Amino acid sequence: MRFVQIEILPHGKALVDIDKLTHAVPEGDGSRLFLGAQHIDVPHSLAELENVLAGRERTDDGANSTAGFGVR
């Protein structure tokens, strides 16, 4: 199992098992994540969500990406 901590609506955080994530769809200003028969709403766009699930900064556009390595 691979867990990632993401922001959820209303304001809060949750650990999500990304192996159970079946799909995500745009919902208002964020996205709705489907985890089997359950869903949670998050304040991330699909592009931001992809970054979060990959372990990058939410707003990483790839220009300064370090592929998970810190810059010193």
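Up top you'll find the structure we're talking about.
In this report, we go over the structure that sits alongside the text.

The rules we used
Residues numbered from 1 in each chain as written. Predicted model: local features only at pLDDT ≥ 70, side-chain atom pairs only at ≥ 80, totals over all residues. Heavy atoms only, no water. Helix = DSSP H or I, 4+ residues; strand = E, 2+ residues; numbered from the N terminus. Buried < 20%, exposed > 50% of the residue type's maximum accessible area, 1.4 Å probe, protein only. Contact = heavy atoms within 4.5 Å. Areas by Shrake-Rupley, 256 points an atom, 1.4 Å probe, with all protein chains shown as cover. Pairing = 2+ DSSP bridges.

### Re the overall build of the chain
Assigned secondary structure in the chain consists of one helix and five strands. Along the chain, helices (α) and strands (β) appear in the sequence β-β-β-β-β-α when read from the amino end. Relative to its full complement of 72 residues, the chain shows a buried share of 21%. Counting contacts in the chain only where the partners sit at least 6 residues apart, residues at least 24 apart contribute 24% of the total. Accessible surface for the chain amounts to roughly 5300 Å². Of this, 52% is attributable to carbon and sulfur atoms.

### Points about the pairing of strand β5 (residues 38–42)
With five bridges connecting them, strand β4 (residues 30–35) and β5 associate as antiparallel partners. Looking at the pairing, Phe-34 lines up with His-39 of β5. The loop that links β4 with its antiparallel partner β5 comprises two residues; one of these, Gly-36, has a positive phi angle of about 65°.

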